[in-house]
Amino acid sequence: MNNKSILKIAFPSKGRLRKDLEKLLSYKKINFIEEGNNRNYIAKLSNNDDILIYFMGAKEIVTQLDEGNIHLGVTGDDLIQEYMFDYKTKVSNELILDFGKADLVVAVPKIWLDVTTMADLDEISHIKRMSTTKRLKVATKYTNLTNRFFSKCGVTDYRTVGSSGSTESAPFNGMSDIIVDISSTGETLKANNLRILDDGLILNSSANIFKSLTANWNTNLEKISEQFLNSVS
Amino acid sequence: MSRNLSIQELNNRFKEFFLLEGFNYIEPPLVVNSDIYFETSGEQIRKDMFSVSSAQGTEMCLRPDLTIPTCQTFLKDNQHFDQAKLCYSGPIFRSGDVNNSIELNQSGIEILSTNMIKEDNYQEEVDIINLAIKTLNNINKVNFDINLGDISIFIEFLDCLDLPQRWKDRLKRHFFRRDYFESLLKRIELGIGFNETRKEDVLKKHLGIKVDISDSDLKERLMNINAIEFGERSIEDIINRLNVKSENIISSEKGVEIVRVIRSFLNINCELEQLPNLISNFAKEEDEHQFDNVIQMASNFSKKIKLGIGNTDINFKTDFGHSIEYYDGIMFEIEDRDNQSNKLLVGGRYDSLLNNLGLDNRASAIGFAVNNNNI
């Protein structure tokens, strides 16, 4: 088979996303056939010989979709919108999957009873800047989405603080005042005495199958892609 | 003809002209610390900037404007003098507008002074507008229109309204962000407060407290949730603000009325000479508010500027403003009469910027920049 006729799809290599995806494929009676000595990084699908599956991190899938090295990729809205510049021109959302659901939200300490909306955040951040010359610190892994949302809500007196670990603990250890983070059920936030603002929903995210608009496509690949999407939808 | 001048030639022409006008030429750094832009304009300016991290981990950027680096240069040297007339020419870098070049070019002047007690005679404003006109005439540009605004007149107007101080401050602060300013007006129209800010409702919703509770008991309850306080916010701050919010309730009916008055004021758009009459008529129509201070301020402003500028037509708009938040007084732009989207020159007063940059004294700062790419 000519390499130009192989549809390259990236799947998440680990974690909850991979498990949920395997469950979906298994329900659809599609199995992986692992490819030789590739240490589980490459596989084929039992129902289609023209598809090659690459296993990689969800963030890496965003990069590969962006660069057009893969045709389709399974990853979250949150990662696409955070890490892909001008994403609307580079990918299209082909299929919304029924897993990987999570909200990106703005959460403040529970005891901040006077802060229930983004407008309150605007006011208290301004008060802080005027009285201490410091800006409100926002811990997040999603600096781009945070900046866009805060800007839309008129909040400017803040600084984002990069967070690579458990963001929800940042206000406790003095790293930040508030956080922007992914929340599936809200339980982790509650357990950490944090509260989501009434209008603090930045994004409803779920796992999706994205199509790279920068990859090389031909009629045959479009057809294989359609067959694959039909088989999992 | 000026149309044929290259950017380099324009730079040289403006430099020579400003030197003859008594300005000192400076070359502000091309690469500056990004922090000051975040401090003055917030994180959203990041999308317009070209930033890199230095080897020491400091975030640096290619200068997105020349006013801030010029002020920083002035403040660095101002232990030797407290007043300076500075001019510059050179590139600035902005990535926000894909239709424009990422490298733009400006020539401009800034008149800066510390320990300055500002008088209400608008002399500096007159001088700077006259110089702006002369600057364009010097390159044979004569066919243009001047638009003018003054944020301090809007602030005086807001102060006359029966609106909670928190909301006045919010409207002042976001005057420059048009979309958000509009959303604030819409929120006022819906009424401020009601369920979401009434103290008893907040306590019931978030803490399950259904009875009246004293501030000291509430403090104790909050201490039990979090023994440590967060950031610079004390539990007293939180309770005080909750009380203030609870008192600042405005009905939708009143909100609609206040917004109608604000929109009506921001619709004033006239030849500068007509401003006092229009403001007086506005005040007569809205006689339940006391706008005497606004009338007096607008009248003084119009008279002094008109007297100083002479016969040149100037258009005044109450809602005129720039997108950069550091202007805090007069703001003006000169646009090509044949192509009004072509802004040839922008300028204004920005006294508080020097304080934001670290100066403790009262300051005076005013200037303008020519957009050489639009000439």
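Residues numbered from 1 in each chain as written. Chains lettered and ligands numbered in written order. Predicted model: local features only at pLDDT ≥ 70, side-chain atom pairs only at ≥ 80, totals over all residues.

As for the confidence of the model for chain B
Working step 1: Chain-level pLDDT for chain B is 85 on average; 89% of the residues reach the 70-or-more range.
Working step 2: In the predicted assembly, ipTM is 0.79 and pTM is 0.78. (pLDDT = per-residue confidence, 0-100.)

Focus: helix H4 (residues 118-132) of chain A
Working step 1: Compared with the 21 Å implied by 1.5 Å per residue over 15 residues, the 21 Å span of H4 of chain A between its first and last C-alpha is a close match.
Working step 2: Every buried residue of H4 of chain A is listed here: Ala119, Asp120, Leu121, Asp122, Glu123, Ile124, Ser125 and Lys128 of chain A.
Working step 3: The inward-facing, buried residues of H4 of chain A abut strand E8 (136-140), strand E9 (158-162) and strand E11 (194-205) of chain A together with helix H6 (165-173) of chain B.
Working step 4: Looking one or two residues beyond H4 of chain A, the residue adopting positive phi is Thr133 of chain A, at roughly 65°. (Helix = DSSP H or I, 4+ residues; strand = E, 2+ residues; numbered from the N terminus. Expected span 1.5 Å × (residues − 1). Buried ≥ 20, exposed ≤ 12 C-beta atoms within 10 Å, placed from the backbone. Contact = placed C-beta atoms within 7 Å.)

Re the interface of chain A and chain B
Working step 1: Counting residues at the interface gives 25 residues for chain A and 26 residues for chain B.
Working step 2: Looking at the side of chain A that touches chain B, the elements with two or more residues in it are H4, helix H5 (143-152), E9 and E11 of chain A.
Working step 3: Considering every element that reaches the side of chain A that touches chain B, the biggest residue donor is H4 of chain A, with four residues.

Comments concerning the sheet that holds strand E4 (residues 48-56) of chain A
Residue and element names in this part refer to chain A.
Working step 1: The strand order E2-E3-E4-E1-E5-E12-E6 describes an open sheet built from seven strands, whose pairing is mixed. If you trace the sheet from one side to the other, it starts and ends with strand E2 (32-34) and strand E6 (91-96), each paired once. The average angle at which neighbouring strand axes cross in this sheet is 35°, direction not considered.
Working step 2: On the sheet, helix H2 (residues 58-67) packs against strand E1 (7-12), E4, strand E5 (72-76), E6 and strand E12 (207-212) and is oriented at approximately 135° with respect to E5.
Working step 3: The sheet strands contacting helix H7 (residues 219-232) are E1, E4, E5, E6 and E12, and the helix crosses E4 at an angle near 75°. (Pairing = 2+ DSSP bridges. Axes fitted to C-alpha atoms, helices over the stretch in contact; angles between N-to-C directions.)

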